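Chain by chain, the residues run as shown.
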Amino acid sequence: MSFSKHLKSYLLASAAVALAACEQPLDFDMRGAFGSGLNTAEAARTATAKRPDADDRGVISYPNYQVVIARRGDTVADLAARVGTDREALARYNGLQVDDNLRAGEVVALPRRVAEPSPQTGSPTTGPIQPPGVDITALAGGAIDRAGDQRVETTTLDAVKQPEKPKVTRGLEPKRHKVVRGETVYTISRLYGVSVRSLAEWNGLGSDFKIREGQYLLIPVPETPAPKRATPAPATEQPGQGSPTPTPPSAARPLPAERTQPVAETTPATTETAQAQPRTPSGGQFAYPVQGRIIREYSNGKNDGIDFTAAPGSAVTAAEAGTVVSVTKSTENVQFVVIKHSNSLATVYVNVDKVAVKNGDTVRRGQKIAAMPDGSPPYVQFQVAKGTTQVDPMPYLQ
């Protein structure tokens, strides 16, 4: 059973006993969530646009880069020959070998630009996909509306045939992500807040969602709304109209003398530095589960918990007294522990090693339940669920 099914089953079952149900259900699409901070629930609710159509060569062109879409049976060499680029350079750029077979629909990044799409290459438009432009018609219409009824004298000019402008395709340019060692489709989808399905469809991934180090992925762009017609600017009022004159403050009683203390000048810490500071228990409802550093904080829709790092083998402890209700692994072999507490709360400890408790055990606050695993960096993710809804753990720790 997958991690999502394990935890969802626990939460739903516990709701009938101790965890009260909430109005908004917790959507656990957590195949990588509790090993990598991924939850695609929010991403699944975010609509993304369809990947643009390629020309007959398979080329999709943007202002800052180009990609080519592989056909069934293509090798890297076949692809390079079809678009007119160096096959060795193409292979190196994408972490491939020249003779590697490609999946139908797989996206391959081009190391240098090739001829732009055009009607000659099977594209209805010419050149790269351009960002959505200003609605010139709407702006012109608004200007005419504001101009009012004015007399304009016109003269007839001989018609001059203007050269036809090439048609362009409008759309947002996706970000490109180069896969590094240890990343998965799930961690990348969480990083950019898109669904795993959209990421897979845009990049022609297989049903196993397998990716490789050095691979370039296009990050799906959101659906863009139609441009709005420009509205005329509201009429302006003369200065002083429409607002009462404020009563000046009384001068009968002088203001007290200000007493200020000099403040030592400090340099604001960056987010990354702030997150890397050691954290210790601070008397909150829950104790810190790891004596280490926070390397990633909770972010709604992006990271479902707080990621702690410490030396491999360091103790992972119960944040509060409670009952162990789940000790299991996800489909990616990521081990996690769920502890039920009072007040409809539960804590989840994800990516743990050497679990020292079992289902049904009663644990006390600060009791060791598992160990920090190996990793680069080693980390454990701490999550809090209230009823059947995940919440930010930090307020419970402070």
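Residues numbered from 1 in each chain as written. Predicted model: local features only at pLDDT ≥ 70, side-chain atom pairs only at ≥ 80, totals over all residues. Heavy atoms only, no water.

Now for the overall build of the protein. Helix and strand counts for the protein stand at 10 helices and 15 strands. Out of the 398 residues belonging to the protein, those deemed buried represent 42%. Put simply, of all contacts in the protein between residues at least 6 apart along the chain, 65% involve residues at least 24 apart. Counting every atom, the protein has about 23500 Å² of accessible surface; 51% of that belongs to carbon and sulfur. (Helix = DSSP H or I, 4+ residues; strand = E, 2+ residues; numbered from the N terminus. Buried < 20%, exposed > 50% of the residue type's maximum accessible area, 1.4 Å probe, protein only. Contact = heavy atoms within 4.5 Å. Areas by Shrake-Rupley, 256 points an atom, 1.4 Å probe, with all protein chains shown as cover.)

In this structure the tally under the stated criterion is nine salt bridges. A salt bridge links Asp55 to Arg57; the nearest nitrogen and oxygen atoms lie 2.8 Å apart. The pair formed by Asp55 and Arg57 is uniform in burial state, with each residue classed as buried. One salt bridge connects Arg82 with Asp74, and the closest N-O pair in it is separated by 2.8 Å. By relative accessible area, which is 21% here, Arg82 ends up partly exposed. The network of salt bridges with common partners includes Arg103, Glu106 and Arg212. (Salt bridge = Lys/Arg side-chain N within 4 Å of Asp/Glu carboxyl O.)

Before going further, it helps to examine the pairing of strand β7 (residues 306–309). Burial along β7 is two-sided: the face carrying Ile306 and Phe308 and the face carrying Asp307 and Thr309 are both buried. Looking at chain direction, strand β6 (residues 293–296) and β7 are connected through three bridges and run antiparallel. Following the sheet pairing, Arg296 is matched in β7 by Asp307. (Pairing = 2+ DSSP bridges.)

Moving on: the pairing of strand β11 (residues 345–350). Along β11, six of the six residues are buried, which leaves the element largely enclosed by surrounding structure. Taking every second residue as pointing to the same face, both faces of β11 are buried, with Leu345, Thr347 and Tyr349 on one and Ala346, Val348 and Val350 on the other. Where strand β10 (residues 335–340) meets β11, five bridges bridge the pair, whose relative direction is antiparallel. Residue pairing across strands places Lys340 opposite Ala346, the latter belonging to β11. The hairpin turn running from β10 into β11, its antiparallel successor, is four residues long, and Asn343 in that turn takes a positive phi close to 60°. Pairing of β11 with strand β14 (residues 380–386), which is carried by six bridges, proceeds in the antiparallel orientation. By the bridge assignment for β14, Tyr349 is matched with Phe382.

Attention now moves to the sheet that holds strand β2 (residues 66–69). With antiparallel pairing, the three strands of this open sheet are ordered in space as β1-β2-β3. Two strands close off the open sheet at either side, each with one partner strand: β1 (59–61) and β3 (107–109). When the angles between neighbouring strand axes are averaged without regard to direction, this sheet yields 30°. Bridge count between β2 and β3: three bridges; the pairing is antiparallel. Counted as the bridge partner of Ile69 is Val107 from β3. Running over the sheet, helix α4 (residues 76–83) touches β1, β2 and β3 and is turned about 120° from β2. (Axes fitted to C-alpha atoms, helices over the stretch in contact; angles between N-to-C directions.)

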